[in-house]
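Here's the letter readout for the chains.
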Amino acid sequence: MLLFTPGPTPVPQNVRNAMSGETMHHRTPEFEAIFEKTRKHLFNLFNTDEVVIIASSGTGAMESAVINLCNDTLLNVNSGKFGERFGKIALANGLDSVEIKNEWDTPVCVEAIIEAVKNNSNIDAIAVQISESAGGLRHPVEELAHAVKEINPNIMIIADGITAVGVEKIDVSNIDCLIAGSQKALMLPPGLSIIGLSNSAIEKIGNGKGYYLNLASEIKKQRQNTTAYTAPTTLIIGLLEVLESIEKNGGIDKLYRETACRSKAVREALEAIGLHSYPQTPAKSMTTIDDENASEIRKLLKEEFDLNVAGGQDHLRGKIFRINQMGLIPVYEILWVVNAVELCLAKLGRRKYDGTASKVFNEVFFEMEA
Ligand SMILES: *Cc1c(COP(=O)(O)O)cnc(C)c1O
């Protein structure tokens, strides 16, 4: 079965092998050396002033960012499940929350952000997904961050890049906090999240808030190549192997280029067989198709073509399917996916099979690659 869900994503064989060694003790020079190397790679990937690793799923990093960087009112962008979560985290921690809510295919409008900030001087942090995975939507994060900083540079910009870091190059000039998670673009099992921070964020964090998720404690320890609590040693060993694999495969810019080509080629291939791309501004991390037969297509993909793609949640349950584009994906695998979707449409009697999807994928992908 090929796993093509936008998280968890498949863990490459060499990464699984790297994680199969004996358990290491985390307070040893051997592990600290691994930690130091991993940190160096992470600085390259994030381009932020500081980077910290947290032993939690992505939501832990979201909570850590909110409690450490927001003291009063959080403005959160809700165009899907993950954006909604930021608001819930703020309220659960006794903070105020202001939300800009849109349909899941609709990116936030920069003017709406500006208006909200101007209307409420208590807003001291903004949280938004770069790629909102609920509907495969790209928000204009860099643009809104720039606009907000022009109004008030003290407002912290928290960017959830869990399905964006490792997918595309992100301009972090106006971003204070950039979050990544292990089981998406980083091709690891779930359980690790990473937070990139700006110097202004570090200043605002001060002594930090919370206990386990206190960023000040982690910054202090991780600058010494160790962690405040027991490090998730196995996952960090895996992370180093992933980051080294990306290097060996031609570097991060090559991965970004390939992901962009693959993403565009899949979207155009599926549109060529009459399918509709759901988000108004598609993220490169996944291809999201809304279709009345979404459930049947997913079922056929799984039962007849050994492919696991994701569905939708809440009001999009049974209405969309999502194909992962994150990670080091062999071309022959993704080509099988678009071909299988075309075969599904034939099985459903919607369209005679003629190989259009594969043909369009090849034309777009190899033309861009050349
Ligand atoms: C997966 C994901 C998360 C985090 O979810 P966890 O289940 O806690 O790892 C957060 N934001 C986005 C955009 C995601 O795709």
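You'll find the structure just up there.
Here we summarise the structure given alongside this text. (Residues numbered from 1 in each chain as written. Predicted model: local features only at pLDDT ≥ 70, side-chain atom pairs only at ≥ 80, totals over all residues. Heavy atoms only, no water.)

On to the side chain of Thr356. Mapped onto the elements of the fold, Thr356 is located in helix H13 (residues 356-369). With relative accessibility at 19%, the residue Thr356 sits in the buried group. Here the side chain of Thr356 touches Arg351 through a polar contact of 3.4 Å, side chain to side chain. With near-sequence residues (within four places) excluded, Thr356 lies in contact with Ala272, Ile273, Glu342 and Arg351. (Helix = DSSP H or I, 4+ residues; strand = E, 2+ residues; numbered from the N terminus. Buried < 20%, exposed > 50% of the residue type's maximum accessible area, 1.4 Å probe, protein only. Polar contact = N/O pair within 3.5 Å; in protein donor to acceptor, adjacent residues only side chain to side chain. Contact = heavy atoms within 4.5 Å.)

Read from one edge to the other, the open sheet built from three strands follows the order E11-E12-E14, with strand pairing classed as antiparallel. If you trace the sheet from one side to the other, it starts and ends with strand E11 (276-277) and strand E14 (320-324), each paired once. One ladder, built from two bridges, connects E11 with strand E12 (residues 286-290); its direction is antiparallel. Looking across to E12, one finds that His276 is bridged to Asp290. (Pairing = 2+ DSSP bridges.)

Once that is clear, we can look at the site of the ligand. In the vicinity of the ligand, 14 residues are found, and the nearest of them are Ser57, Thr59, Ser133, Asp160 and Lys184. One nitrogen or oxygen atom from the side chain of Ser57 is found 2.5 Å from an oxygen atom belonging to the ligand. Between the ligand and the protein, one listed contact pairs an oxygen atom with a side-chain N or O atom of Thr59 at 2.5 Å. Starting from 380 Å² of accessible surface for the ligand in isolation, the protein chains cover 89%. Within the residue set of the shell around the ligand, elements represented by two or more residues are helix H3 (58-69) and helix H4 (81-92). At three residues, the largest contribution of residues to the shell around the ligand is made by H3. Here the residues of the shell around the ligand sort into three nonpolar, eight polar and three charged. (Near = heavy atom within 4 Å. Areas by Shrake-Rupley, 256 points an atom, 1.4 Å probe, with all protein chains shown as cover. Nonpolar A, V, L, I, M, F, W, Y, C, P; charged D, E, K, R; others polar.)

The next point concerns the side chain of Thr73. Among the secondary structure elements, Thr73 is positioned in strand E3 (residues 73-78). Judged by relative accessible area, Thr73 falls into the buried class, the value being 3%. Of note is the side chain of Thr73, whose polar atom sits 2.8 Å from the side chain of Asp72. With residues near it in sequence (within four places) discarded, Thr73 still touches Asp96, Ser97, Val98, Asn120, Asn122, Ile123, Asp124 and Ala125.

Two elements in contact, helix H2 (residues 29-46) and helix H9 (residues 233-248), have axes separated by 9 Å at closest approach and are oriented at 50°. Relative to H9, H2 is oriented oblique. You can see that H2 and H9 cross each other, and the crossing is left-handed. Note on element contacts: H9 touches H2 through Thr233, Ile236, Ile237, Leu239, Leu240, Leu243, Glu244 and Glu247, opposite Phe31, Ile34, Phe35, Lys37, Thr38, His41, Leu42 and Leu45. Its residues assigned to classes, the contact of H2 with H9 comprises 10 nonpolar, three polar and three charged. (Axes fitted to C-alpha atoms, helices over the stretch in contact; angles between N-to-C directions. Parallel < 35°, antiparallel > 145°, perpendicular 65-115°, else oblique. Left-handed = near helix turned anticlockwise from the far one by under 90°.)

To continue, consider H2. Taking 1.5 Å per residue, 18 residues should reach 26 Å; H2 reaches 25 Å between its end C-alpha atoms and fits that length. Those residues of H2 that fall on the buried side of the exposure criterion are Phe31, Ile34, Phe35, Thr38, Arg39, His41, Leu42, Leu45 and Phe46. Of the surrounding secondary structure, the elements contacted by the buried residues of H2 are strand E2 (50-54), strand E9 (177-181), strand E10 (193-197), helix H8 (215-222), H9 and helix H10 (252-272). Positive backbone phi, at 60°, marks Asn47, one or two positions downstream of H2. (Expected span 1.5 Å × (residues − 1).)

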